[in-house]
Structures are given as structure tokens and as C-alpha cells.
Amino acid sequence: MQITHSESLGQKNTLNLQARARAYAAIGSDAELVQALAWAREQQLAVVALGEGSNIVLAGDIDALVIRQCSRGIQLLSEDDKTATLRVRAGENWHGFVAWALQAGYYGLENLALIPGTAGAAPIQNIGAYGVEVNAFVDAVHSVTVASGTHCRLSNRDCGFGYRDSVFKRELKDSQLITAVDFRLLKKPALRTEYPALAAELDYRRADELTATDVFDAVVRIRSSKLPDPRELPNAGSFFKNPVVAASKGKELAEIFPQMPQYVQGDGVIKLPAAWMIDHCGWKGFRENGVGVHPMHALVLVNYSAQDGSRLLALADKIQRSVQGVFDIGLEVEPRVYGQAQ
Ligand code: FAD
Ligand code: NAP
């Protein structure tokens, strides 16, 4: 295990923001991880976990040991007639794993194709897309406690999953480094095609002929046509979470903005499309100081040429204020912000 100092993180985040880590280690095994954590404790340094950097904003340098999970491997743990349980090491690329599972005949993750990042980060915000959230397939999460170096196993229930949320963003924030995730996948496809954009894309096929590969391919096609590739235009996906509000607030808004879509959630609350509100406030395609709002997708902030995250966060702040002013709704930033702006 090698620890480097003042490591540049510019190539390690999809927003291409320039910042340095006081110390940095790329970790390939649990033993190396425990060693790195012991070193951080000795140095009295905080620890920050890093995957592929697709859901972070670097506002400035990180005064910590940044640990990048690079451990790889997929292992079949057990199977029965209906399901197979697979252990996936944290550093596996998420999309690579989804494609591998499909090829191997394990189903359920098709709707989550092409989400950037690592398998280890997937439980952090309970990644979701096209009507499916990863928590439906997480059996257990394995981690090492930062403060003690001890190993933990959290069951699905322990993870406290919610909408783009989990215990790792709340009670266990910064306290666990995920080393592997156990996924329980289906041996027979149970396709989820009700999400409107997906249903429209699959419209040309008869429902009884659809395969999991059709769904996977359709998700890849939609995402490739709609979302900017961070390698071409740096971004962190959706910059804001869709707000979830009480039904009474939804009713109030429906009277003023009858065109705004509203999605009734299972527990009676209403999910509002942040992109619609941002677009309504006129931000789509806006550009200033090397950052902007993507012209095709109002929820995606892009970095055209900024060096550090402060300009992006200033733009996010303006958008939040304008949405607050028009809709009386506070938008929450989805990616995690690290480092202090100078
Ligand atoms: P990072 O960005 O490196 O880290 C994110 C957070 O997780 C950080 O707080 C970090 O400390 C923590 N973390 C990472 N790895 C570990 C670990 N092993 N142990 C403990 N903590 C860890 N998200 C969705 O939910 N749905 C989407 O459809 C979606 N689409 C996207 C599209 C684009 C173009 C982009 C750029 C992003 C998108 N995202 C989406 C967000 C992002 O892909 C996910 O949040 C992803 O899981 C982040 O993985 P990562 O490895 O890049 O994590
Ligand atoms: P979209 O299809 O244009 O829909 C806009 C928003 O409306 C989505 O955010 C979605 O919420 C919501 N929505 C649409 N139909 C819905 C329904 N029938 N029931 C409940 N909610 C509905 O979305 P998009 O921006 O192109 O993204 C497509 C999918 O990929 C979405 O699921 C989105 O979350 C995901 N995605 C996420 C990120 C990220 O960084 N987090 C980035 C890109 C795409 P949900 O977001 O809750 O699905």
C-alpha cells in the first residue's frame, strides 16, 4: 500500500475540478484498507472515501487521507431456484457489473445500466433510475469502521434505504468504508418497464417478447442520447434531488402550476421534478464563468472550464434561490461537497 502526498484529484472526479488530497491511497484489498486506516489514525488525519468521483463536488483541497477503493472481483455466494447471491468488491465498475450480471443470466439491474461509479458507492445514495432502486437487490453491505478498523456487515434493513438516501448519508456518514456488497439477483427476468421514458423507448416491441437485454439496451440508448458523457462534458449527473413534499403542498402548487408533473409516492407524499422547476425559472442552457446548466437537461450542471468548484456552487446557489422564490421549495444538492473554497 502506497500513500502519496498532495495528490491531484483533477482526473479522479467527473466534474474535472482541480483539487488536491493531503494524502491519498489506492486500495486493492481489505488488508491494505485496514493498514491505511491505521496510518490515518496515527497521523490524526480524517478519512474520505472515493470511488470514481461521479457524485462529488470538489470545492477545494481535501485535508484528509483520501482512500480510493480499487478492489475488484465478483463471487457467487449461493443460489436457489429463484435467486443468486453475488458478492461484488467495492471497486468494481457499476455498469460493468450490471452488464456482467445480464450476460451471466442474473436479472434485476437492467434499469440501472450506465450509471457511472463503483459498486461500493451504489448503496450510499441507493442509486436509482427508470423506476428501480438498487436497494431492491442489496442483500448486505460489508464495511470497515474508520475509527477502529473493525469489519461490519449491515443487512438490507440496517442500511435504512430511502429515496436517494441511506444510513451511510445519515447516522453512519463518514464512519464506514464499504468493501463489498452482496446482491441477490433473479434467475428469471421480472421486467420493469412502466417508467414513461422507458415504456416509450420499448414501444416498438410486443410486451410478451421483451427480454432483459431489450430493457438494458433501451436504458443505454435513452441515457446516451439524453445525458452528457462526463468524458466529453464534465458533470456529476443530477445536481439536485427531486424534492418530496406533503400532499397539501402538492395541491397548493397544482393550483398555481397546473402543468407541473407530480408523482404520488407510496406513502401519500408527492415527488416533484426538480428539472421542471429549474427549467420553468429559465435556467436551462444558462452559462456563466465557465459553468452552466445543460441545454438538454436542467438538472445537470456542467463544468465547461472552471478549475475549482466555487463557481459551480455559486450557480447552484442562484438556482436554489430562484426555485425557492417561485415555488417556495428548497432544492437539496445531491452530490457530496468536499473541501473548502479559497
Ligand atoms: P463517488 O462520487 O466517488 O463518491 C460518492 C460518495 O460516496 C462520496 O461521499 C464518497 O465518500 C462515498 N463513497 C464512495 N465509495 C465509497 C465506499 N467504498 N465506501 C464508503 N463511501 C464511499 N445516480 C443515481 O442514483 N442514478 C442515476 O441515474 C445517476 N446517473 C448519473 C449520470 C451521470 C452522467 C453522472 C455523472 C452521475 C450519475 N449518478 C446517478 C450519480 C453517481 O453515478 C452515483 O451516485 C454513483 O453511485 C457514485 O459512484 P462513485 O463511485 O463515483 O462515488
Ligand atoms: P425523466 O424521465 O425526464 O423524468 C424527470 C423526473 O421525473 C425524474 O427525475 C423522475 O424521478 C421523475 N419521474 C418521471 N416519471 C416518473 C414516474 N412515472 N414516477 C415517478 N417519478 C417519475 O428523467 P431523466 O432526468 O431523463 O432521468 C431518467 C432516470 O435516470 C431517472 O430515474 C433519474 O433519477 C435517473 N438519473 C439520475 C441521475 C443522478 O445523478 N441522480 C442522473 C441522470 C439520470 P426519479 O429521478 O425519482 O426517477
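Residues numbered from 1 in each chain as written. Chains lettered and ligands numbered in written order. Predicted model: local features only at pLDDT ≥ 70, side-chain atom pairs only at ≥ 80, totals over all residues. Heavy atoms only, no water.

Asker: Can you explain the sheet that holds strand β14 (residues 244-245)? Please cite residues and give values.
Answerer: Within the open sheet, the three strands sit side by side as β14-β16-β15. Their pairing is antiparallel. In this open sheet, the two edge strands, each paired with only one partner strand, are β14 and β15 (263-264). Sheet topology places β14 next to strand β16 (residues 270-271); two bridges connect them, and they run antiparallel. Across the sheet, residue Val244 finds its bridge partner in β16, namely Lys271. (Pairing = 2+ DSSP bridges. Helix = DSSP H or I, 4+ residues; strand = E, 2+ residues; numbered from the N terminus.)

Asker: Give me the pattern of salt bridges: which residues, what numbers.
Answerer: Taken as a whole and judged by the stated rule, the model has 21 salt bridges. Between Glu194 and Arg192 there is a salt bridge, with its nearest N and O atoms 2.7 Å apart. A residue is classified by how much of its surface remains accessible, and Glu194, at 48% relative accessible area, is partly exposed. A salt bridge links Lys249 to Glu252; the nearest nitrogen and oxygen atoms lie 3.5 Å apart. Taken as a pair, Lys249 and Glu252 lie in helix α5 (residues 247-256) at a separation of three residues, close to a single helical turn. Residue Lys249 is classed as buried on the basis of its relative accessible area, which comes to 15%. A relative accessible area of 43% means that Glu252 is categorised as partly exposed. (Salt bridge = Lys/Arg side-chain N within 4 Å of Asp/Glu carboxyl O. Buried < 20%, exposed > 50% of the residue type's maximum accessible area, 1.4 Å probe, protein only.)

Asker: I'd love a proper account of the site of ligand 2, names of residues and values included.
Answerer: The full set close to ligand 2 counts 17 residues, and Tyr163, Arg164, Lys226, Lys271 and His297 are the nearest of them. For ligand 2, an oxygen atom lies 2.7 Å from a polar atom in the side chain of Arg164. Between ligand 2 and Ser238, the relevant distance is 2.8 Å, taken from an oxygen atom to a main-chain nitrogen or oxygen of the residue. Protein chains shield 80% of the accessible area of ligand 2, which is 790 Å² for the free molecule. Elements that contribute at least two residues to the shell around ligand 2 include exactly β8 (128-129), α4 (212-226) and β13 (235-238). Its residues assigned to classes, the shell around ligand 2 comprises seven nonpolar, five polar and five charged. (Near = heavy atom within 4 Å. Polar contact = N/O pair within 3.5 Å; in protein donor to acceptor, adjacent residues only side chain to side chain. Areas by Shrake-Rupley, 256 points an atom, 1.4 Å probe, with all protein chains shown as cover. Nonpolar A, V, L, I, M, F, W, Y, C, P; charged D, E, K, R; others polar.)

Asker: Explain the site of ligand 1 residue by residue, including any values.
Answerer: Neighbouring ligand 1 are 31 residues, the closest being Ala49, Gly51, Ser54, Arg223 and Tyr338. In the model, an oxygen atom of ligand 1 is placed 2.6 Å from a nitrogen or oxygen of the Ala49 main chain. A distance of 2.7 Å separates an oxygen atom of ligand 1 from a polar side-chain atom of Thr118. Considering ligand 1 on its own, with 990 Å² of exposed area, one finds that the protein chains cover 93% of that surface. Breaking the shell around ligand 1 down by element, the ones donating at least two residues are β3 (47-50), β8, β12 (176-186), β13 and β20 (336-338). Tallied by class, the residues present in the shell around ligand 1 amount to 14 nonpolar, 13 polar and four charged.

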